[in-house]
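# Structural description and commentary
Each chain, letter by letter, is given below.
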Amino acid sequence: MSRADVPAEPSRARAAQNRASAEGNKASGRSGVSAARNRTPGAQGGARAPGSGPPAVRTPRALWTFGLLRSELVTTFRRWRTIALLGVLAAVPVLIGVAIRIETRDGSSAGGGDGGGPAFIAQVTNNGLFLVFTALAATLPFFLPMAIGVIAGDAIAGEANAGTLRYLLVAPAGRTRLLLTKYATTMAFCLVATVVVAVSALAVGALLFPLGELTTISGTRISLAEGLGRAFLIALVVAASLIGVAALGLFVSTLTNSGIAAMATTVGLLITVQILDQIPQLHALQPYFFSHYWLSFADLMRDPVYWDDLVRNLGLQGLYAVVFGSAAWARFMAKDITA
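To start, this report covers the structure provided alongside it. Here, residues in each chain are numbered from 1, in the same order as that chain's written sequence. Local features in this predicted model are restricted to residues of pLDDT 70 or higher, and side-chain atom pairs are both shown and tallied only at a pLDDT of 80 or more, whereas totals for entire chains, interfaces and linings draw on every residue. Excluded from the side-chain calculations are hydrogens and water; all other atoms, namely the structure's heavy atoms, are used.

## Some thoughts on helix H10 (residues 259–276)
Applicable threshold: Secondary structure elements follow DSSP: runs of H or I of four or more residues count as helices, runs of E of two or more count as strands, with numbering from the N terminus. Each residue after the first adds 1.5 Å to the expected span of a helix. Residue exposure (1.4 Å probe, protein chains only): buried if accessible area is under 20% of the type maximum, exposed if over 50%, otherwise partly exposed. To obtain the arc, one takes the directions from the helix axis to the C-beta atoms.
Between its first and last C-alpha atoms H10 spans 26 Å; for 18 residues at 1.5 Å apiece the expected length is 26 Å, and the two agree. For H10, the complete set of buried residues consists of Gly259, Ala262, Met263, Thr266, Val267, Leu270, Val273 and Gln274. Along the long axis of H10, the arc covered by the buried residues comes to 125°, so they all point the same way. Summarising the geometry of H10, the exposed residues directed more than 90 degrees from the buried face are Ile260 and Ile275.

Put into C-alpha cells, the structure is as follows:
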C-alpha cells in the first residue's frame, strides 16, 4: 500500500507496518520450525529445533502485548482530538465554578435557592470540595459518555478507515488480543477523563471557595481528609460507570469501517437511552438502561454509605461489558479485514 492510499495518520500506518514486520519475522522463524516438525517423521520423539521451546514462543507474545498496549495508549493520548476532549472536560468545572462565584457574590445561594442545577451545587459556596461532586454530576450524563463514545467508536473503525488495521493484524497479535487492548485503552481514557474533571474541579474550588470540614447528605460532618478520600472513591465509581458505554462503542466500532459513523452512532445511542430513561411510561425498563444508576455515586456522601444502588450500577455496567464485549469479539473474529 502506498502512502497515498492511506487517507489518515500515515505515521501510524508506518509504525503499525514496522511492528507487524518485526513480529512477522519472529513468526516466520516459528512457522519454519513447525513446518520442519511436520515434515520429519517421529518428530515428537526427536530433538527439538533450536528456538522452538516455550520461552522462545511465549516471551515475544507477552512483549508484543505490552508493546501493543503501550503503543495504543501513546497514540490515543497524543491525538489532538483526545487532547481537545480532555480540555473541554477540564473547562466544565471552571465554567461551573465561575458561574457560581458570580451568582453568589451578592450573598444569594447557588442554583437560585430552588434546588435547581446539578447535585451538591448549593453547598459549593460553603466548601469548594463540593465542586468536585457537582462537576462530576454535571458531566456524567452527557460530556463524559460522549467523550468515551468518541474514543470507543473510533477504536476499530478508525484503524480500518486509516488503513492501519491490516498492518496490526499481520503480526501474530491475534484479533482477541487487539480487541482487548483497544478496550483497555478506552477504559484508561475513562479513568483519565474522570480524574481530569475531578482535579480541575478541586483546583477551581480551592481557588474560589473555602475548604474545610464538610457536611454529608445525612447531616454528619467529616474531615477534609475524609472528604478528599470520598471524592477519590467517587471518581473511581464514575469511571467504572462508563464501562458499559465503552463496550457498546467498541461493538459499534466493529460494525463499520468509518470512524465518524461509529462515533456518531455511539453518541446517538447514548442520547436515545438518556431520553428513554426520562419517560415515565418506561419505568419498568429503565432499571436496565446503562445510565439509570449513574448518579448513585451521591450515596457515597451519606453516612453510612448506601450501597444498594451503587452495587446495582456496577453490576449493570459489568453486564453491559460482558454482553457487548462478547458481541464485539464475535463480530471482529468474523470480520473481513479489507483495510
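## Some thoughts on empty space enclosed by the protein
For the record, the criterion: Lining residues are those with an atom within 4 Å of a point, where the points come from a 1 Å grid over the protein atoms alone and group into cavities, where a 1.4 Å probe fits but cannot get out, or pockets, open sets with protein on both sides within 12 Å along at least five of seven lines. Grid points are joined across faces, edges and corners, and a volume is the space filled by probe spheres set on the points. Each residue receives one of three labels: charged for Asp, Glu, Lys and Arg, nonpolar for Ala, Val, Leu, Ile, Met, Phe, Trp, Tyr, Cys and Pro, and polar for the others, Gly being one of them.
The tally for this structure, following the rule as stated, stands at one cavity of 30 Å³ or more. Approximately 120 Å³ is the volume attributed to the largest cavity. Contributing to the lining of the largest cavity are 13 residues, with Thr76, Arg79, Ile151, Ala155 and Lys182 lying nearest its centre. Put simply, the parts of the chain that give the lining of the largest cavity at least two residues each are helix H2 (54–78), helix H5 (143–162) and helix H7 (175–208). Its residues assigned to classes, the lining of the largest cavity shows two nonpolar, four polar and seven charged.

## A look at the side chain of threonine 194
Heads up, the rule is: Between two residues, a contact is recorded if the distance between any of their heavy atoms is within 4.5 Å.
Tracing the sequence through the fold places threonine 194 in helix H7. Look at threonine 194 and you get buried, because its relative accessible area is 0%. When residues no more than four places from it in sequence are discounted, the contact partners of threonine 194 are Leu136, Leu144, Ala235, Val238, Ala239 and Leu242.

## Focus: a nonpolar patch on the surface
We apply this condition: Within the patch definition used here, like charges are joined within 9 Å and nonpolar side chains (Val, Leu, Ile, Met, Phe, Trp, Tyr) within 5 Å, considering only residues with over 30% relative accessible area and no salt bridge. Per-residue accessibility takes into account occlusion by the displayed protein chains alone, with areas from the Shrake-Rupley method and a 1.4 Å probe. One side-chain nitrogen of Lys or Arg within 4 Å of one carboxyl oxygen of Asp or Glu is enough to make a salt bridge.
A cluster of nonpolar side chains, contributed by Leu191, Val195, Val199, Phe232, Leu233, Leu236, Trp307 and Val311, occupies part of the molecular surface with about 730 Å² of accessible area. Here tryptophan 307 is to be found in the loop between H10 and helix H11 (308–334).

## Examining the packing of H5 against helix H9 (residues 243–253)
Between two packed helices, both the angle of their axes relative to each other and the distance between the axes serve to describe the pair. Where we set the bar: Angular values range over 0 to 180 degrees, each being the angle between N-to-C directions of two axes fitted as lines to C-alpha atoms, with helices fitted over their stretch in contact. Handedness of each helix crossing follows the sense of rotation of the near helix against the far helix: counterclockwise by less than a right angle gives left-handed, clockwise gives right-handed.
One can describe the packing of H5 onto H9 by two numbers: an axis separation of 7 Å at closest approach and a directional angle of 35°. Seen along the crossing, H5 lies across H9 with a hand that is right-handed. Between H5 and H9, the residues in contact are Pro145, Ile148, Gly149, Ala152, Gly153, Asp154, Ala155, Ile156 and Ala157 and Val245, Ala246, Gly249, Leu250 and Ser253, respectively. Looking at the contact of H5 with H9 residue by residue, the classes come out as nine nonpolar, four polar and one charged.

## With respect to the nonpolar core
Spelled out, the test is: Put simply, a nonpolar core is a bunch of buried Ala, Val, Leu, Ile, Met, Phe, Trp, Tyr and Cys residues held in one set by side-chain atoms that sit within 4.5 Å of each other.
Counting 74 residues, the largest nonpolar core has Val132, Phe133, Phe189, Ile234, Phe290 and Phe297 as its most contacted members. Here this core gets 10 residues from one element, more than from any other, and that element is H7.

## What to know about H5
Defined as follows: At every residue, the bend is computed as the angle between two fitted axes, covering the seven residues ending there and the seven beginning there respectively.
Alanine 155 marks the point of greatest bend in H5, at about 50°. Looking one or two places after H5, you find glycine 163, whose phi comes out positive at around 80°.

## Concerning unusual backbone geometry
Across the junction of aspartate 303 and proline 304, the peptide omega takes the value 5°, indicating a cis bond. With respect to the helices and strands, the residue proline 304 is situated in the loop between H10 and H11.

## Focus: the pattern of salt bridges
Going through the model one piece at a time under the given rule, you end up with eight salt bridges. We note a salt bridge from arginine 79 to aspartate 154, for which the minimum N-O separation is 3.7 Å. Pair noted here: arginine 79 is in the loop between H2 and helix H3 (80–103) and aspartate 154 is in helix H5, with a separation of 75 residues, a long-range link. We classify aspartate 154 as buried; its relative accessible area is 10%.

## Examining the packing of H7 against helix H8 (residues 224–240)
Running from N to C, H7 and H8 cross one another at 145°; their axes reach a closest spacing of 9 Å. Where H7 crosses over H8, the handedness of that crossing is right-handed. Each of Met187, Cys190, Leu191, Thr194, Ala198 and Leu202 in H7 lies in contact with H8, whose residues at this interface are Leu228, Ala235, Leu236, Val238 and Ala239. Residue composition of the contact of H7 with H8, grouped by class: 10 nonpolar, one polar and no charged.

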